[in-house]
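# Secondary and tertiary structure notes
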Amino acid sequence: QVQLVESGGGLVQAGGSLRLSCATSGLTFRSYNMGWFRQAPGKGREFVARISLSGIATTYADSTKGRFTISRDNAKNTVYLQMSSLKSEDTAVYYCAAAATMSRRDNDYGYWGQGTQVTVSS
(Lines give C-alpha, C1' and ligand atoms only; values in the text may rest on other atoms or scores of the structure.)
Protein backbone atom coordinates (compact mmCIF):
# COMPACT_ATOMS: atom_id res chain seq x y z
CA GLN A 1 0.00 0.00 0.00
CA VAL A 2 1.05 3.59 -0.57
CA GLN A 3 2.64 5.30 2.38
CA LEU A 4 4.09 8.76 2.86
CA VAL A 5 5.77 9.38 6.19
CA GLU A 6 6.98 12.83 7.22
CA SER A 7 9.67 13.44 9.80
CA GLY A 8 11.91 16.22 11.04
CA GLY A 9 9.39 18.49 12.68
CA GLY A 10 9.90 20.01 16.09
CA LEU A 11 10.29 23.18 18.09
CA VAL A 12 12.63 25.87 16.81
CA GLN A 13 13.23 29.53 17.60
CA ALA A 14 12.41 32.23 15.10
CA GLY A 15 15.25 32.61 12.63
CA GLY A 16 16.24 28.99 12.96
CA SER A 17 16.14 26.12 10.49
CA LEU A 18 14.58 22.70 10.12
CA ARG A 19 14.76 20.01 7.47
CA LEU A 20 11.68 17.92 6.85
CA SER A 21 11.78 14.55 5.12
CA CYS A 22 9.04 12.52 3.47
CA ALA A 23 9.79 8.87 2.87
CA THR A 24 7.49 7.14 0.39
CA SER A 25 6.71 3.53 -0.42
CA GLY A 26 4.17 1.57 -2.44
CA LEU A 27 4.31 3.88 -5.45
CA THR A 28 6.58 4.55 -8.40
CA PHE A 29 8.11 7.62 -6.84
CA ARG A 30 9.67 9.08 -9.98
CA SER A 31 6.25 9.04 -11.67
CA TYR A 32 4.82 11.54 -9.18
CA ASN A 33 5.16 15.23 -8.67
CA MET A 34 5.63 15.97 -4.99
CA GLY A 35 4.35 18.78 -2.87
CA TRP A 36 4.43 20.17 0.64
CA PHE A 37 1.39 21.71 2.30
CA ARG A 38 0.78 23.01 5.78
CA GLN A 39 -2.15 23.65 8.06
CA ALA A 40 -2.09 26.05 10.99
CA PRO A 41 -4.61 25.80 13.85
CA GLY A 42 -7.99 27.07 12.75
CA LYS A 43 -6.93 27.48 9.13
CA GLY A 44 -7.24 25.50 5.94
CA ARG A 45 -4.54 23.59 4.15
CA GLU A 46 -2.03 25.88 2.46
CA PHE A 47 0.29 25.18 -0.45
CA VAL A 48 3.98 25.49 0.42
CA ALA A 49 6.07 24.06 -2.41
CA ARG A 50 6.08 21.57 -5.27
CA ILE A 51 8.67 19.77 -7.35
CA SER A 52 8.51 18.02 -10.73
CA LEU A 53 9.19 14.37 -11.48
CA SER A 54 12.87 14.88 -12.16
CA GLY A 55 13.35 17.62 -9.60
CA ILE A 56 14.22 20.21 -12.21
CA ALA A 57 11.15 22.43 -11.82
CA THR A 58 10.07 23.86 -8.47
CA THR A 59 7.42 26.29 -7.29
CA TYR A 60 7.00 28.04 -3.96
CA ALA A 61 4.32 29.96 -2.17
CA ASP A 62 5.09 33.66 -1.91
CA SER A 63 5.28 33.36 1.85
CA THR A 64 8.07 30.78 1.72
CA LYS A 65 9.98 31.64 -1.45
CA GLY A 66 13.58 32.48 -0.66
CA ARG A 67 13.44 30.76 2.72
CA PHE A 68 12.33 27.22 1.90
CA THR A 69 13.86 24.77 -0.55
CA ILE A 70 12.17 21.63 -1.83
CA SER A 71 14.23 18.78 -3.24
CA ARG A 72 13.90 15.09 -4.02
CA ASP A 73 16.07 12.02 -4.19
CA ASN A 74 14.49 9.57 -6.60
CA ALA A 75 16.97 6.87 -5.62
CA LYS A 76 15.73 7.07 -2.03
CA ASN A 77 12.05 7.72 -2.85
CA THR A 78 12.23 10.74 -0.58
CA VAL A 79 11.30 14.40 -0.82
CA TYR A 80 12.70 17.10 1.46
CA LEU A 81 11.81 20.57 2.62
CA GLN A 82 14.67 22.66 3.94
CA MET A 83 13.31 25.56 5.97
CA SER A 84 15.40 28.52 7.08
CA SER A 85 14.74 31.94 8.58
CA LEU A 86 11.69 30.48 10.21
CA LYS A 87 8.97 32.77 11.52
CA SER A 88 6.19 32.22 14.00
CA GLU A 89 3.78 32.32 11.06
CA ASP A 90 5.36 29.10 9.79
CA THR A 91 3.97 27.18 12.75
CA ALA A 92 1.75 24.43 11.35
CA VAL A 93 1.43 20.75 10.64
CA TYR A 94 3.36 20.06 7.45
CA TYR A 95 2.12 17.44 5.01
CA CYS A 96 3.83 15.69 2.14
CA ALA A 97 1.73 14.73 -0.89
CA ALA A 98 2.05 13.07 -4.30
CA ALA A 99 0.29 14.09 -7.53
CA ALA A 100 0.15 12.83 -11.12
CA THR A 101 0.44 16.41 -12.39
CA MET A 102 2.53 19.44 -11.57
CA SER A 103 0.13 21.35 -9.39
CA ARG A 104 -0.35 23.53 -6.34
CA ARG A 105 -3.96 22.45 -5.91
CA ASP A 106 -4.46 20.10 -3.01
CA ASN A 107 -7.22 18.23 -4.85
CA ASP A 108 -4.68 17.16 -7.48
CA TYR A 109 -2.68 15.27 -4.89
CA GLY A 110 -3.92 11.72 -4.49
CA TYR A 111 -1.68 10.57 -1.66
CA TRP A 112 -0.93 12.28 1.63
CA GLY A 113 1.20 11.70 4.66
CA GLN A 114 0.07 12.04 8.25
CA GLY A 115 1.95 15.27 8.83
CA THR A 116 4.69 16.50 11.14
CA GLN A 117 4.37 19.39 13.57
CA VAL A 118 6.58 22.44 13.19
CA THR A 119 6.44 25.00 15.98
CA VAL A 120 8.36 28.26 15.73
CA SER A 121 8.71 30.26 18.93
CA SER A 122 9.01 34.03 18.82
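Note that the structure is a prediction, hence the values are computed from the model and not measured. (Residues numbered from 1 in each chain as written. Predicted model: local features only at pLDDT ≥ 70, side-chain atom pairs only at ≥ 80, totals over all residues. Heavy atoms only, no water.)

## What about the pattern of salt bridges?
Applying the stated criterion across every chain yields a total of three salt bridges. Here Arg-38 makes a salt bridge to Asp-90, at a shortest N to O gap of 2.9 Å. Placement of the pair is Arg-38 in strand β4 (residues 33-39) and Asp-90 in the loop between β8 (78-83) and β9 (92-99), with a sequence separation of 52 residues. A salt bridge links Asp-90 to Arg-67, with the shortest nitrogen-to-oxygen separation between them at 2.8 Å. Placement of Asp-90 in the loop between β8 and β9 and of Arg-67 in the loop between β6 (58-60) and β7 (68-73) is noted, with a sequence separation of 23 residues between them. Residue class for Arg-67 comes out buried when judged on its relative accessible area of 13%. Via salt bridges that share partners, Arg-38, Glu-46, Arg-67 and Asp-90 belong to a single interconnected network. (Salt bridge = Lys/Arg side-chain N within 4 Å of Asp/Glu carboxyl O. Helix = DSSP H or I, 4+ residues; strand = E, 2+ residues; numbered from the N terminus. Buried < 20%, exposed > 50% of the residue type's maximum accessible area, 1.4 Å probe, protein only.)

## Here's the deal with the packing of aromatic side chains
Tallied over the full model, the rule gives five aromatic pairs. Between Tyr-32 and Tyr-111, the ring centres sit 6.0 Å apart and the planes meet at 75°, which makes this aromatic pair edge-to-face. Separated by 79 residues along the polypeptide, Tyr-32 in the loop between β3 (18-25) and β4 and Tyr-111 in strand β10 (residues 109-112) bring together distant segments of the chain. Three or more aromatic residues joined by ring pairs form one cluster here, namely Phe-37, Phe-47, Tyr-109 and Trp-112. (Phe/Tyr/Trp six-rings, centres within 6.5 Å; stacked < 30°, edge-to-face > 60°.)

## Concerning the side chain of Asp-90
On the basis of relative accessible area, Asp-90 is assigned to the buried category, the value being 1%. A polar contact of 2.8 Å, which involves the side chain of Asp-90, links it to the backbone nitrogen of Lys-87. Residues in contact with Asp-90, not counting those within four places in the same chain, are Arg-38, Arg-67, Phe-68, Ser-85, Val-118 and Val-120. (Polar contact = N/O pair within 3.5 Å; in protein donor to acceptor, adjacent residues only side chain to side chain. Contact = heavy atoms within 4.5 Å.)

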